[in-house]
Amino acid sequence: METQMEQLLKKFNTLEPNRGFKERSRSFILNSPQKGDLPAGAFRQFFNIAQFSAAFGLVAIFIFLILGGLSFINKKLISPSLLSGLDSQNLEKEVKNLDIQIQLSQAQYYEDSAEAVEVALKAASGELDKAENRNQEINKLLDGLTL
Amino acid sequence: MKKFLIGNLFFNYLFLCLIAGGLFFNALNVYAQEELKSALKDVAGKINKLAEVKKDADLTEQEKEQKEIQARAEALNKVLSLTLLEDEDLKNKLNNLKDLNAENEKTRDALLGLLEENKNVYGTIRDRLVDDITPSEVKELAKDFKDWHTLVYIPKTENIVAFTLVFQEKTILNLTGNRLEKIKLDLEKLENANLIKNEDTQVLFAEAVARLKKAESLNEEARILVMENITVKLFPMNALDSATSTEAVLAATSTPSGFFGWVSALKAKLIGVGADNATATATVAVPVNDENTAEKKPEFKIPVNKDAVGKKQPPTVKSLVQESLKQVKETYKIFSEISKIVKEKVGLE
């Protein structure tokens, strides 16, 4: 004798989804993304993690440079070309170029020249001859007095 | 940052141009000096030749007289050539002076006019220095030349040399002042970057400022003195405006004939010319503009060299400029010391 349960189960055997439901389900299953093999997927995941770490690391380095490395870079930036006022080579060149000695020696030249030309013109005019003769006469007189 | 770098590069370029230009004129100056010294040696050589002729016992009286005339004439020619070279040198020095104000330019032009007047004398000398000149004529010419040289030429050249010395030094003082400003800016940059402290270089910098001010004050004193001398000795008619020199006035008004004739009259009138030129003393107080009176800065007193500046003898333009240039040299030594200290502190090689 069939039980009531068995009669119900026989009824459910004839149950079917309707056509629209079938179509929707089929297209949903067929269009969903296919997962690859296990090894390629793992690599891609690892790469994603590495990318994130690298970006994070770079940011940390830049923060370090900005906060901690400024004084180091400052020293390198304060080069001779930017401190030209204090550059010792420029100072030396400038002092040499100031013509201090040349100007003073030029002034001295004109003093020396004045004296030399006066003597030369005295010699040319015969005044030195007269002076020499005068000196000789004076010396003769003095010799006469002392002897 | 970009503007700063560009500005700094431009300044450096300008400085390099000034230094290059200075080196060029330096070379020309040196060449001119060598030419003058060579001409002076030639004059000495001719005088030695004259002395040798006089001592030469192998010559007859007639030969000796001929050779003496020749030697004297050659000596006069050499002195004339030297004087022409000196005139040219002084003209170039006057024309190369830079950054003169209107008053100083007028003085410069008046001094150039004085050098132009010398041409009258040179023409007269050449006319008289003929081939058949007699012994007495050559001696007379030499004597007239000597009188003119002592009474007119030397006072002119002394004051022209003094004038150029003062204003050439002014250019040096401007350069030094620019260098001081650059150093000041550099020190401020370093202090702002916390690479050095103010007290590291403060005392030295203050000393440099004080020495430069002293140099400028001495230069100003020299300028006043040279202007007084020029006005009193070269333009006693107070005629810088009309550029009428003593020489021109006397030449126009005196009665003795010929150019050298009035030199004798000049000799009588110009008492003390060519003798002691250091009579004019600068008694004008030179105001020193102290820009730092409002701030407390370390003071530095410059030890004054009393031997060079007005002990018993009044200072001359040359001694004042010499003392001023000494201060400039000391200032540059201080700049070098500051540079060394900064390099040590910053760790630059």
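Since the structure is predicted, the reported quantities are computational estimates derived from the model, not experimental observations.

Asker: Is there a simple way to explain the overall build of chain B in this structure?
Answerer: Check the secondary structure of chain B and you find eight helices and zero strands. Mapped in sequence order, the helices and strands of chain B form the string α-α-α-α-α-α-α-α. Here chain B holds 349 residues, and the buried ones make up 46% of them. At a minimum sequence separation of 6, the contacts of chain B that also span at least 24 residues come to 81%.

Asker: Help me out: how do you make sense of the overall build of chain A in this one?
Answerer: Helices and strands together make up the secondary structure of chain A, namely seven helices and zero strands. Along chain A, from the amino end to the carboxyl end, the secondary structure elements read α-α-α-α-α-α-α. Counting every position in chain A, which comprises 147 residues, the buried fraction comes to 22%.

Asker: Please explain the confidence of the model for chain A as it appears in this structure.
Answerer: Detailed reading of the predicted coordinates is not advisable wherever pLDDT is low. Mean pLDDT over chain A stands at 77; residues scoring 70 or higher make up 71%. Element-level mean pLDDT values for chain A span from 58 in helix α4 (residues 70-77) of chain A up to 89 in helix α2 (residues 19-31) of chain A.

Asker: What is the right way to look at the side chain of B:Arg223 in this model?
Answerer: Residue and element names in this part refer to chain B. Position of Arg223 among the secondary structure elements: in helix α5 (residues 198-234). Separated by 3.0 Å, the side chains of Arg223 and Glu220 make a polar contact. Apart from the residues within four sequence positions on either side, Arg223 is in contact with Asn104, Val166 and Phe167.

Asker: Sorry if this is basic, but what is going on with unusual backbone geometry here?
Answerer: Most of the time, phi is negative for any residue but glycine, and the peptide bond is trans. Residue and element names in this part refer to chain B. For Asp99, which is not a glycine, the phi torsion comes out positive at approximately 55°. For Asp99, the location among the structural elements is in the loop between α2 (61-95) and α3 (102-128). Unlike most non-glycine residues, Asn194 shows phi in positive territory, near 60°. Tracing the backbone through its elements, the reader meets Asn194 in the loop between α4 (135-192) and α5. Overall, Asn194 belongs to the exposed group, its relative accessible area being 68%.

Asker: Help me understand the packing of aromatic side chains, please; the structure alone is not making it clear to me.
Answerer: The geometry of an aromatic ring pair is captured by the separation of the ring centres together with the interplanar angle, meaning the angle of the planes. Across all of its chains, the model carries six aromatic pairs over all chains by this definition. Aromatic ring contacts, followed pair by pair, group B:Tyr122, B:Phe145, B:Trp148 and B:Tyr153 into a single cluster.

Asker: Please clarify how the UniProt feature "coiled-coil region" (unreviewed entry) in chain B should be interpreted in this entry.
Answerer: Sequence positions flagged by UniProt for "coiled-coil region" (unreviewed entry) are, in local numbering, residues 50-117 and 173-200 of chain B. End-to-end, the C-alpha atoms of residues 173-200 of chain B are 26 Å apart, and along that stretch the chain is 82% helix and 0% strand.

Asker: Quick question: what am I supposed to make of the interface of chain A and chain B here?
Answerer: Accessible area lost when the parts come together is the quantity often used to give the size of an interface. Facing the 44 residues of chain A at the interface are 64 residues of chain B. When chain A packs against chain B, close to 5000 Å² is buried across both sides, 65% of that on carbon and sulfur atoms. A per-residue breakdown of the area chain A buries against chain B is headed by A:Leu86, A:Tyr109 and A:Tyr110, which together make up 15% of the total. Applying the counting rule to chain A against chain B returns three salt bridges. As a salt-bridge pair, A:Glu127 and B:Lys146 come within 3.8 Å of each other at their nearest N and O atoms. Of all the secondary-structure elements, those providing two or more residues to the side of chain A that touches chain B are α4, α5 (88-97), α6 (100-125) and α7 (127-146) of chain A. Class assignment for the residues of the side of chain A that touches chain B results in 20 nonpolar, 15 polar and nine charged.

Asker: Got a minute to help me understand a nonpolar patch on the surface in this structure?
Answerer: Residue and element names in this part refer to chain A. A contiguous nonpolar patch, built from Leu58, Val59, Ile61, Phe62, Ile63, Phe64, Leu65, Ile66 and Leu67 and spanning about 940 Å² of accessible area, is present on the exposed surface. In this fold, Phe64 is placed in helix α3 (residues 38-68). Residue class for Phe64 comes out exposed when judged on its relative accessible area of 55%.

Asker: How do you make sense of the pattern of salt bridges when you look at a structure like this?
Answerer: Between side chains of opposite charge, pairing is possible as soon as their charged atoms come close. One pass over the full model with this rule turns up 22 salt bridges over all chains. One salt bridge in this structure joins B:Asp42 and B:Lys78, with 3.8 Å as the shortest N-O distance. On the criterion of sequence distance, the pair formed by B:Asp42 in helix α1 (residues 2-55) and B:Lys78 in helix α2 is long-range, its members being 36 residues apart. Here B:Arg223 and B:Glu220 are joined by a salt bridge, their closest N and O atoms 3.0 Å apart. Of this pair, B:Arg223 and B:Glu220 are both found in helix α5, three residues apart, which corresponds to roughly one turn of the helix. For B:Glu220, a relative accessible area of 23% translates into the label partly exposed. Linked through salt bridges whose partners overlap, the residues forming this network are A:Glu127, B:Lys143, B:Lys146 and B:Asp147.

Asker: Looking at this structure, how should I read the environment of B:Val321?
Answerer: Residue and element names in this part refer to chain B. The topology assignment puts Val321 in helix α8 (residues 317-346). Along the backbone, Val321 and Arg223 are 98 residues apart, and their C-alpha atoms lie at a distance of 9.3 Å. Discounting chain neighbours no more than four positions away, the residues touching Val321 are Leu165, Val166, Glu169 and Ala222.

Asker: Please clarify how the packing of α3(B) against α5(B) should be interpreted in this entry.
Answerer: Helix-helix packing: each pair is described by the crossing angle between the helix axes and the interaxial distance. All names here are of chain B. At a minimum axis distance of 12 Å, the contact between α3 and α5 shows a crossing angle of 45°. By the angle between their directions, the pair α3 and α5 is classed as oblique. Where α3 crosses over α5, the handedness of that crossing is left-handed. The residues of α5 that touch α3, namely those facing Glu103, Asn104, Thr107, Leu111 and Leu114, are Arg223, Met227, Ile230 and Leu234. Across the contact of α3 with α5, the residue classes tally to five nonpolar, two polar and two charged.

Asker: What am I meant to see in the packing of α4(B) against α5(B) here?
Answerer: Residue and element names in this part refer to chain B. At their nearest, the axes of α4 and α5 sit 9 Å apart, and the two run at 160° to each other. Classified by the interaxial angle, the pair formed by α4 and α5 is roughly antiparallel. When you trace α4 past α5, the crossing you get is left-handed. Across the contact of α4 with α5, the residue classes break down as 19 nonpolar, seven polar and eight charged.

Here is what the cut-offs are and how they apply
Counting restarts for each chain: residues are numbered from 1 in the order of the written sequence. The lettering of chains begins at A and the numbering of ligands begins at 1, in the order of writing. Totals for whole chains, interfaces and linings use all residues, but because this is a predicted model, local features are given only for residues with pLDDT of at least 70 and pairs of side-chain atoms are given and counted only at 80 or more. Heavy atoms throughout the structure, all of them, feed into the side-chain values; hydrogens and water do not. Numbering goes from the N terminus for both helices and strands, where a helix is a DSSP run of H or I of at least four residues and a strand is a run of E of at least two. The buried label applies to any residue whose accessible area, calculated with a 1.4 Å probe on protein chains only, is under 20% of its type's maximum; exposed applies above 50%, and partly exposed to all values in between. Any pair of residues with heavy atoms lying within 4.5 Å of one another is described as a contacting pair. The score called pLDDT rates the predictor's confidence residue by residue, from a low of 0 to a high of 100. Polar contact criterion, stated in full: a pair of N or O atoms within 3.5 Å, where within protein one must be able to donate a hydrogen and the other to accept it, and residues adjacent in sequence count only if both atoms are side-chain atoms. Aromatic pairs are defined between Phe, Tyr and Trp rings, using the six-membered ring for Trp, whenever the two ring centres lie within 6.5 Å; interplanar angles under 30 degrees are classed as stacked, those over 60 as edge-to-face, and all others as tilted. UniProt positions are given in the numbering used here, feature names are shortened, and annotations may be inferred rather than shown by experiment. As a working definition, buried area equals the accessible area (1.4 Å probe) given up by two parts on being put together, with both sides summed. Throughout this description, the term salt bridge denotes a Lys or Arg side-chain nitrogen within 4 Å of a carboxyl oxygen of Asp or Glu. The classification used treats Ala, Val, Leu, Ile, Met, Phe, Trp, Tyr, Cys and Pro as nonpolar, Asp, Glu, Lys and Arg as charged, and all other residues, Gly among them, as polar. Within the patch definition used here, like charges are joined within 9 Å and nonpolar side chains (Val, Leu, Ile, Met, Phe, Trp, Tyr) within 5 Å, considering only residues with over 30% relative accessible area and no salt bridge. For every accessible area listed, the method is Shrake-Rupley and the probe measures 1.4 Å; residues are considered covered only by the protein chains on display. An axis is simply a line fitted to the C-alpha atoms; with a helix, the fit covers only the stretch in contact. Between two such axes, the angle follows the N-to-C directions and lies from 0 to 180 degrees. Comment on the angle field: the value is read as roughly parallel under 35 degrees, roughly antiparallel over 145, roughly perpendicular from 65 to 115, and oblique elsewhere. By definition, turning the near helix anticlockwise from the far helix through less than a right angle yields a left-handed crossing, and turning it clockwise yields a right-handed one.

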